[in-house]
Number of protein chains: 2
Amino acid sequence: MEKCTNEAHHHSKHNHQLCYEHTMQTIEKLCAKRNIRLTPQRKTVIQLMLNADKAMSAYDLLDQLKEIEPQAKPPTIYRALDFLIEQGFVHKVESINCYIICPHFDDPSHISILFICDKCQSIIEEHSPIIEAQLQSLAQKNMFIIQHSVLEIHGTCQHCANQIVGQ
Amino acid sequence: MEKCTNEAHHHSKHNHQLCYEHTMQTIEKLCAKRNIRLTPQRKTVIQLMLNADKAMSAYDLLDQLKEIEPQAKPPTIYRALDFLIEQGFVHKVESINCYIICPHFDDPSHISILFICDKCQSIIEEHSPIIEAQLQSLAQKNMFIIQHSVLEIHGTCQHCANQIVGQ
DNA sequence: TGCATAACGATATATGATATTATTAATAAA
DNA sequence: TTTATTAATAATATCATATATCGTTATGCA
């Protein structure tokens, strides 16, 4: 997994097919272990997200899903996304109402920090024990019990920043 | 302003009217200084948010606004909110599609960390230079230029946690 | 006073998401 | 293998959130 995060092959000539196969196999194994069903529909949605290489809205995904399963309706995609989020394979990016494959679903122990490029919708995922500790400390100060953290940083990625300079 | 943040008077017997007047006066002064118009409609929306003491959805606000201005339509409230966000008086809480008065609009130099109670929608705003520095360092590592940060922590506030224990 | 701009009103529509109910497929039990 | 049970999918309706457009009105300023 480590070498196959979104940022690693975004804007590169990296062989998606290989990476895609690897990720899909990992997800399949996990589902088998958890005794949950990775149906063809759910698998298709994962495929679409892996091929996209950027944050996709539910309706982006629905449009593409319809090409394969023409009967798909909004609830179709939301059901698939709900399942994938529940299992930790997908993150919802709250600040742009989009969805991405979680690049570390096999190790869900840390909080995701998403760096979102507002130009190309590519997303880099990072982690920081320091930030996690600091958040816990702020929570404790306020007697607040943390359940889920949304850390989404907007800006411009290296690639898009270079493009602007290059123009 | 410091003594009048949302958390300070939430669930307390603090005199809202005083705090409200003070906040409103500060906003009025700032608008005068910036040469922008704080219209009665915009003022009403600020009032509604100050009285609410929790995150309000656009349509929550619209319903209340309609009681005062019956002609109000969705664009009415979104225009007011856009203005108030632009001027830094209001934050959008991205992960719940709600809006709050920013308790430190007179000093917008730091990133807001919102602790959101999923039981009562009350919100505590915090800041952390440590987290800001850590985010900058992660951004630099990825050659990412930060423009705007969304830090929203979900969980249970002290008051709601006590309620559950007390039952 | 008259022009330019900003704000507001009104309608329509787009987008995002959930609820409900029906139907079909997969698995387990008799 | 038939029936019961459960999970998955389909279809539609509805709710929630947000924007586009355009005509009108108010305000500030030359």
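Please refer to the structure higher up on the page.
**Concerning the protein's contact with DNA strand C**
Phase 1 of the analysis: Taken together, the neighbourhood of DNA strand C is formed by 15 residues, with Y78 and K92 of chain A together with T39, Q71 and R79 of chain B sitting nearest.
Phase 2 of the analysis: Within 4 Å of the protein, the contacting atoms of DNA strand C are drawn from sugar and phosphate to the extent of 58%.
Phase 3 of the analysis: Side-chain polar atom of Y78 of chain A to a phosphate oxygen of DNA strand C: 2.8 Å apart, as the coordinates give it.
Phase 4 of the analysis: Contacts to DNA strand C include Y99 of chain A, whose side-chain N or O atom sits 3.2 Å from a phosphate oxygen.
Phase 5 of the analysis: Looking at the surface near DNA strand C, the elements with two or more residues in it are helix 5 (74-86) of chain A together with helix 3 (40-52) and helix 5 (74-86) of chain B.
Phase 6 of the analysis: The biggest single contributor to the surface near DNA strand C is helix 5 of chain B, with three residues.

**Description of helix 5 of chain B**
All names here are of chain B.
Phase 1 of the analysis: Between its first and last C-alpha, helix 5 extends 18 Å over 13 residues, near the 18 Å set by a 1.5 Å rise per residue.
Phase 2 of the analysis: For helix 5, the set of buried residues is T76, I77, A80, L81, F83 and L84. Angular distribution of buried residues about the axis of helix 5 spans 160°; they occupy a single face of the element. Projecting away from the buried face of helix 5 at angles above 90 degrees are the exposed residues R79 and E86.
Phase 3 of the analysis: On the buried face of helix 5, the contacting elements are helix 3, helix 4 (58-68), strand 1 (90-93) and strand 2 (98-101).

**A closer look at the pattern of salt bridges**
Phase 1 of the analysis: According to the stated counting rule, one finds six salt bridges over all chains in the structure shown.
Phase 2 of the analysis: Between E28 of chain A and K43 of chain A there is a salt bridge whose closest N-O contact spans 2.4 Å. You can see E28 of chain A sitting in helix 2 (residues 16-34) and its partner K43 of chain A sitting in helix 3 (residues 40-52), a full 15 residues away along the chain.
Phase 3 of the analysis: In this structure K43 of chain A comes out as partly exposed when scored by relative accessible area, which is 27%.
Phase 4 of the analysis: Its salt-bridge partner being K141 of chain A, residue E126 of chain B comes within 2.9 Å of it at the nearest N-O pair.

**Some remarks on the interface of chain B and chain A**
Interfaces are frequently sized by the accessible area removed from exposure as the parts join.
Phase 1 of the analysis: Tallying the contact residues gives 35 residues for chain B and 35 residues for chain A.
Phase 2 of the analysis: Taken together, both faces of the contact between chain B and chain A bury some 3,200 Å²; the carbon and sulfur share is 64%.
Phase 3 of the analysis: Where chain B touches chain A, the interface holds two salt bridges.
Phase 4 of the analysis: At the boundary of chain B with chain A, the tally comes to 18 residue pairs in polar contact (both at pLDDT 80 or more).
Phase 5 of the analysis: Every element with two or more residues in the side of chain B that touches chain A is listed here: strand 3 (113-117), strand 4 (123-126), helix 6 (129-141), strand 5 (145-156) and helix 7 (158-166) of chain B.
Phase 6 of the analysis: Ranked by residues supplied to the side of chain B that touches chain A, first place goes to strand 5 of chain B with 12 residues.
Phase 7 of the analysis: Per-class residue counts for the side of chain B that touches chain A are 19 nonpolar, 12 polar and four charged.
Phase 8 of the analysis: Where strand 5 (residues 145-156) of chain A meets strand 5 of chain B, 11 bridges bridge the pair, whose relative direction is antiparallel. Each residue of the ladder has a partner; that of T156 of chain A, found in strand 5 of chain B, is I145 of chain B.

Calculation notes
Residues numbered from 1 in each chain as written. Chains lettered and ligands numbered in written order. Predicted model: local features only at pLDDT ≥ 70, side-chain atom pairs only at ≥ 80, totals over all residues. Heavy atoms only, no water. Near = heavy atom within 4 Å. Polar contact = N/O pair within 3.5 Å; in protein donor to acceptor, adjacent residues only side chain to side chain. Helix = DSSP H or I, 4+ residues; strand = E, 2+ residues; numbered from the N terminus. Expected span 1.5 Å × (residues − 1). Buried < 20%, exposed > 50% of the residue type's maximum accessible area, 1.4 Å probe, protein only. Arc of directions from axis to C-beta. Contact = heavy atoms within 4.5 Å. Salt bridge = Lys/Arg side-chain N within 4 Å of Asp/Glu carboxyl O. Buried area = accessible area lost by both parts, 1.4 Å probe. Nonpolar A, V, L, I, M, F, W, Y, C, P; charged D, E, K, R; others polar. Pairing = 2+ DSSP bridges.

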